[in-house]
Amino acid sequence: MAENGRAQKYTGGKLCFLQSSSSTAALGLERRPCSCTSMHPRHPGTGHVLRYSLGINCVDFRREMQPVSPFPWGPVLGAAVQGRPAGCPLVATFLLLLLGFREEAGLTLGASPCWWHHMKESHQKVSQEPPDHQGVEYCHSTGGYENAACQALAKTSLLICLRFSFSPDANAVSSGSTKSAAAEMEAPLPGLSLLLVLLAVGWGSGAVTAWPTSPGGCELVQSTADCVGRWLSSVPGNLRGDTEELLFDDNTIQVLGNASLLSYHQLRRLSLTKNRLELIEPGAFLSSQGLHVLSLADNLLFTNYSLTAAALSALPALRILDLAGNRLTEDMVSVLVWNLSSLESLSVARNIIMRLDSSVFTNLTQLLELNLEKNYIFEIDQAFEGLQRLQRLNVAYNYLPCVVEFGLTQLRVLNVSNNVIEWFLALETDDLFELEVLDLSHNRLLFFPVLPRQSKLHSLLLKDNEMSFYQRLPNGTSLADVTVQFLLIDGNSTNVTTVSLWDEICHSNLSSLRILDMSQNQVWYLPEGFLAQMPSLTHLKLNQNCLEMFHLSEGDPLAMLTELDLSQNQLAELGAEVGAGDVLPNLKLFNLSTNRLRVLPPGVFTYTRKIATVDLSHNRVDLCPQPAIAGEVESAPCVDIRGVETLTHLSLAGCGLRGLGGHPFQGTSLMHLDLSDNHQALSGDLEWLQDLALTLQVLSLRNTSLSSTAVDFSAFNGLVRLDLSGNSLTVFPTSLGVLKLHSLDLRDNCLPALPPDVARTPLGKSLREVYLSRNPYNCCTLGWWDALQRVKALHVPDGQEVTCSYASRTLSPRALPEPVLRSCRWQTADLALLYLVLALPTCLTLLVAFAVVFLMLKQKLLKMVKSRCGVSSPY
């Protein structure tokens, strides 16, 4: 009956038209068909939508594809690709043909080409992070392994050859022929069950981790038995009878038999994740009816799901069930959870669910959390009608093209990120929605979503869409004059929904909104009064848009704002009306990087009493005061941060700073300063940084053309991290030796060596990490390298990239060849020994000459000594 009903639904027609009372040419909209999703528990979802949009072609491809016979893959695949939503992988089409379309066309054997089913290709999704479950790849062969590509695939992967064609009966979709079509398919394909088993093994293998090489015993900790990764093929029966928690993840259990859990009457939690579980026998849980948590993720439950469902029905106290990664269709899920009315949390993520209706989650009246992420869902039709207590719903990483008539008033968290949604329209009602978090990021939204008029929304995530505002259009048309009508046609009944987009935005109650992320969109301005609706906003992200101006003023409604990100826009001006009042008084982080700013409004930071982090990198700004430049009467605009006492982090990377001088940081307490990529910023000394000598902890001078070794860092005793990479240093700065740095970056310089005693200096004793690669070190002067290697607490993250030069050869100091070491030892021998060897013959010659002279003049010398030193005796 369920199958017949589903077939009738597919043949039924629902149309949704989007009309506009004004010309759509101004918006550049096209008329495209789309399969919409309704999340209203009392209103049916739409099967087809004809609407104006900027988006993709997305229709119910289950009904669009027509069966052909014999089975020429090209035409059918072309029809599938033409009718499927953009971004849908071919795996969805193939599984549809194999599993879903089997009810509508009838699958029979034929002498069709051989298609090799490759189980290795990952599921891909356009412009989004790919889900972690697997897809399929097809290789065409005229028979066997004659095709070279098939041979290559056969050597590296599990391959299945499937010969099939569709019956020419296009009327097989009718309710009367569904069973016959299925029977026609089953008869000529007695091995289809085996095919599905192998299919699941291929898909499941990507999610199962490597097995242990040898079995081992379970670890017992109080009432928990940890048997994870023990290579067990069955549940051991010799564990303690009062065990409440059994963990059998990462094993090879294939069947949970009727006697497997007989000894564990106190069992409350059972985890069988990442096994090879195909069957749970109907009586497996009869002795463990107090089970609360059951995890069966990443197994092969699709093979015997009906028997497994009988076993699950014997768990009246089950609260949490995880069925993720089991290759389950929506019909299988419906059977498995049919009698689990006690469930509070259900995960069916990473399966092959495509369409949801009211029959799937029937009787789950206590369900609080539902996870449907990483499936192939393209349509939802009244699927959550009976889930009156549902609070958290995750439908991320699917193929929903739009959400209309959202009416789940009890829902608190909705995640529909990483779909292909172009429209989000809440139900027109004054009912209070409990919705607190709405994640629509990584979709294809064209407009700001039409939100519930009354809600508790505090987090709205709209990152990575195609959203813009159209209140001001090039031809003068206002969006307030554009009325959009949705015509929901279901049989003989027609429901017309009229929406004025700008009015809906204005009327939505956003007073509790604290986090708004609109980054990576196409926003080029914010409508007047848009932010005034959000007095509680604390985090606003507008980075990676097309903003050309952003205006700040006293009494701005953003008094609670603590983080404002306007980076990677086209801002040429930051407007501000600064007087005696406060402007963004609670702002702590202000990111203006990668814009076209040359100046900030004077005193913009004067009244931001809590500002701590400012990022002005990659703008064309200068710091005040500027050094006098000959020939220039009036100095260029500059940014004045003097006296901003709360400022601790400042980035000025890539700002084109010129010859810093004076005291640009006077009155600040900066701890982190980034001056990298400013080639003309340094003037030979660091006098202009002396105001930060006591507070500065992190300093980046990367790629600043630093070459003078006379630069004195000794005054910066508080420095813990210094980046000098990308410069032209030829000698290690001696002033660094007295610092107690924790991190030092010397990459991309011209250093032939470091001081031999660097490891014995205060610097060497305090360093925890040092970057040394891409310098022309001399292989014969590596004493400093050996000394650093002996420092136990020191880590060289790029040690594998460090090289040295010897006779035009580039070598690694970690493994110098013996001939090179011998040659270096001769070159670096002690010069004193060499001098001694050279002086020894001369010394011997002089000694011999002295001896000869002495012997020749011995008598005369003795007489002379006696005559001069002799004393007469009194006797």
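Calculation criteria
- Residues numbered from 1 in each chain as written.
- Predicted model: local features only at pLDDT ≥ 70, side-chain atom pairs only at ≥ 80, totals over all residues.
- Heavy atoms only, no water.
- Helix = DSSP H or I, 4+ residues; strand = E, 2+ residues; numbered from the N terminus.
- Buried < 20%, exposed > 50% of the residue type's maximum accessible area, 1.4 Å probe, protein only.
- Contact = heavy atoms within 4.5 Å.
- Areas by Shrake-Rupley, 256 points an atom, 1.4 Å probe, with all protein chains shown as cover.
- Polar contact = N/O pair within 3.5 Å; in protein donor to acceptor, adjacent residues only side chain to side chain.
- Arc of directions from axis to C-beta.
- Phe/Tyr/Trp six-rings, centres within 6.5 Å; stacked < 30°, edge-to-face > 60°.
- Lys NZ or Arg CZ within 6 Å of the ring centre and 35° of its normal.
- Disulfide = S-S within 2.5 Å.
- pLDDT = per-residue confidence, 0-100.
- Patch = residues over 30% accessible without salt bridge, like charges linked within 9 Å, V, L, I, M, F, W, Y side chains within 5 Å.
- Salt bridge = Lys/Arg side-chain N within 4 Å of Asp/Glu carboxyl O.
- Pairing = 2+ DSSP bridges.

### Remarks on the overall build of the protein
If you tally the helices and strands in the protein, you get 16 helices and 47 strands. With 875 residues in all, the protein has 51% of them scored as buried. Look at the contacts in the protein between residues 6 or more apart in sequence, and 60% of them connect residues 24 or more apart. Accessible area of the protein: about 38500 Å², with a carbon and sulfur share of 54%.

### Points about the side chain of Asn619
In this fold, Asn619 is placed in the loop between strand 38 (613-615) and strand 39 (649-651). At 2.9 Å, the side chain of Asn619 and the backbone oxygen of Leu592 are in polar contact. A distance of 3.3 Å separates a polar side-chain atom of Asn619 from the backbone oxygen of Ser617. If we skip the residues at most four places from it in the chain, Asn619 touches Leu592, Ser593, Thr594, Asn595, Arg596, Leu597, Gly654 and Cys655.

### Brief notes about helix 9 (residues 305-312)
In an α-helix, one turn spans 3.6 residues; hence positions three or four apart end up facing the same way. Those residues of helix 9 that sit buried are Thr308, Ala309, Ala311 and Leu312. With its buried residues spanning 160° around the axis, helix 9 presents them on a single face.

### A look at the packing of aromatic side chains
Within the structure shown, the criterion is met by 13 aromatic pairs. Aromatic ring contacts, followed pair by pair, group Phe448, Phe469, Trp524, Tyr525 and Phe530 into a single cluster. Above the ring of Phe302, the side-chain terminus of Arg327 is found at 5.7 Å from the ring centroid. Seen from the ring of Tyr397, Lys374 lies directly overhead, with NZ or CZ sitting 5.2 Å from the centre.

### A word on the state of the cysteines
Enumeration over the complete set of coordinates arrives at four disulfides. Through a disulfide, Cys624 is tied to Cys638; the S-S separation comes to 1.7 Å. Sign of the S-S torsion, about 95° for the bond between Cys624 and Cys638, identifies this disulfide as right-handed. One end of the pair, Cys624, is in the loop between strand 38 and strand 39; the other, Cys638, is in the loop between strand 38 and strand 39, with 14 residues separating them in the sequence. Relative accessible area serves as the criterion here: at 9%, Cys624 is assigned to the buried category. A sulfur-sulfur separation of 2.1 Å characterises the disulfide bridge that pairs Cys780 with Cys824. Looking along the S-S bond of the Cys780-Cys824 disulfide, the torsion reads about -65°, which is the left-handed sense. Taken together, the positions of Cys780 in the loop between strand 45 (777-778) and helix 13 (783-789) and Cys824 in helix 14 (residues 818-827) put the pair 44 residues apart, joining distant regions of the chain. The pair formed by Cys780 and Cys824 is uniform in burial state, with each residue classed as buried.

### Observations regarding the confidence of the model for the protein
When pLDDT is averaged along the protein, the result is 75; 67% of the residues meet or exceed 70. Contacts for the low-pLDDT stretch residues 41-215, under 50 throughout, to residues beyond four places or in other chains number 412 contacts.

### Here's the deal with a nonpolar patch on the surface
Where nonpolar side chains cluster on the molecular surface, the patch consists of Val848, Phe850, Val852, Val853, Phe854, Leu855, Met856, Leu857 and Leu861 and spans about 890 Å² of accessible area. At seven residues, helix 15 (residues 831-856) tops the list of elements feeding residues into the nonpolar patch. Within the secondary structure layout, Val848 lies in helix 15. Classification of Val848 by relative accessible area gives exposed; the value is 53%.

### Side note on the sheet that holds strand 46 (residues 804-806)
Pairing is mixed across the open sheet formed by three strands, whose spatial order is 45-46-47. Sheet topology places strand 45 and strand 47 (809-811) at the edges, where each strand pairs with a single neighbour. Pairing analysis gives three bridges linking strand 46 to strand 47, with the strands arranged antiparallel. Of the residues in strand 47, the one forming a bridge with Tyr806 is Arg809.

### Considering the pairing of strand 25 (residues 423-426)
Burial along strand 25 is two-sided: the face carrying Trp423 and Leu425 and the face carrying Phe424 and Ala426 are both buried. Bridge count between strand 23 (residues 402-406) and strand 25: three bridges; the pairing is parallel. If you follow Cys402 over to strand 25, its bridge partner there is Trp423.

### Some remarks on unusual backbone geometry
Residue Pro625 follows Cys624 across a cis peptide bond; omega there is -5°. Residue position: Pro625 is located in the loop between strand 38 and strand 39. The backbone of Gln222 shows a phi angle near 55°, a positive value even though the residue is not glycine. With respect to the element layout, Gln222 can be found in the loop between strand 10 (219-221) and strand 11 (224-226). With a phi close to 60°, Trp231 is a non-glycine residue in the positive phi region. Mapped onto the elements of the fold, Trp231 is located in the loop between strand 11 and strand 12 (245-247). According to the relative accessible area criterion, Trp231 is partly exposed, its value standing at 39%.

### Some points on the pattern of salt bridges
Summed over all chains, the structure comprises 20 salt bridges. Notably, a salt bridge pairs Glu379 with Arg355, separated by 3.3 Å at the nearest N-O pair. Of the two residues, Glu379 sits in strand 21 (residues 379-381) while Arg355 sits in strand 19 (residues 355-357), which places them 24 residues apart along the sequence. Neither Glu379 nor Arg355 differs from the other in exposure class; each is buried. What emerges from the salt-bridge pattern is a single network uniting Arg355, Asp357, Glu379 and Asp381.

### Thoughts on the environment of Thr803
Take Thr803: it is sitting in the loop between helix 13 and strand 46. Separated by 10 residues in sequence, Thr803 and Pro813 have C-alpha atoms that sit 6.1 Å apart. Not counting residues up to four positions away in its chain, the partners in contact with Thr803 are Asn775, Tyr777, Thr810, Leu811 and Pro813.

### A word on the side chain of Ser441
Mapped onto the fold, Ser441 is located in the loop between strand 27 (437-439) and strand 28 (454-455). Only 2.6 Å separates the side chain of Ser441 from the side chain of Asp439, close enough to count as a polar contact. Residues within four places of Ser441 in sequence aside, it is in contact with Ser417, Asn418, Leu461, Leu462, Lys463 and Asn465.

### Comments concerning the environment of Ser508
As for its placement among the helices and strands, Ser508 is situated in the loop between helix 11 (501-507) and strand 32 (515-517). Along the sequence, Ser508 and Ser455 sit 53 residues apart, while their C-alpha atoms lie 8.4 Å from each other. Setting aside residues no more than four positions away along its own chain, Ser508 makes contact with Leu451, Pro452, Arg453 and Gln533.

### Focus on the environment of Leu566
As for its placement among the helices and strands, Leu566 is situated in the loop between strand 35 (563-565) and strand 36 (573-577). As a C-alpha pair, Leu566 and Gln544 span 22 residues in sequence and 7.7 Å in three-dimensional space. The contact partners of Leu566, leaving out residues within four places of it in the chain, are Leu542, Asn543, Leu547, Phe550, Leu571, Leu574, Phe590, Asn591, Leu592 and Asn595.

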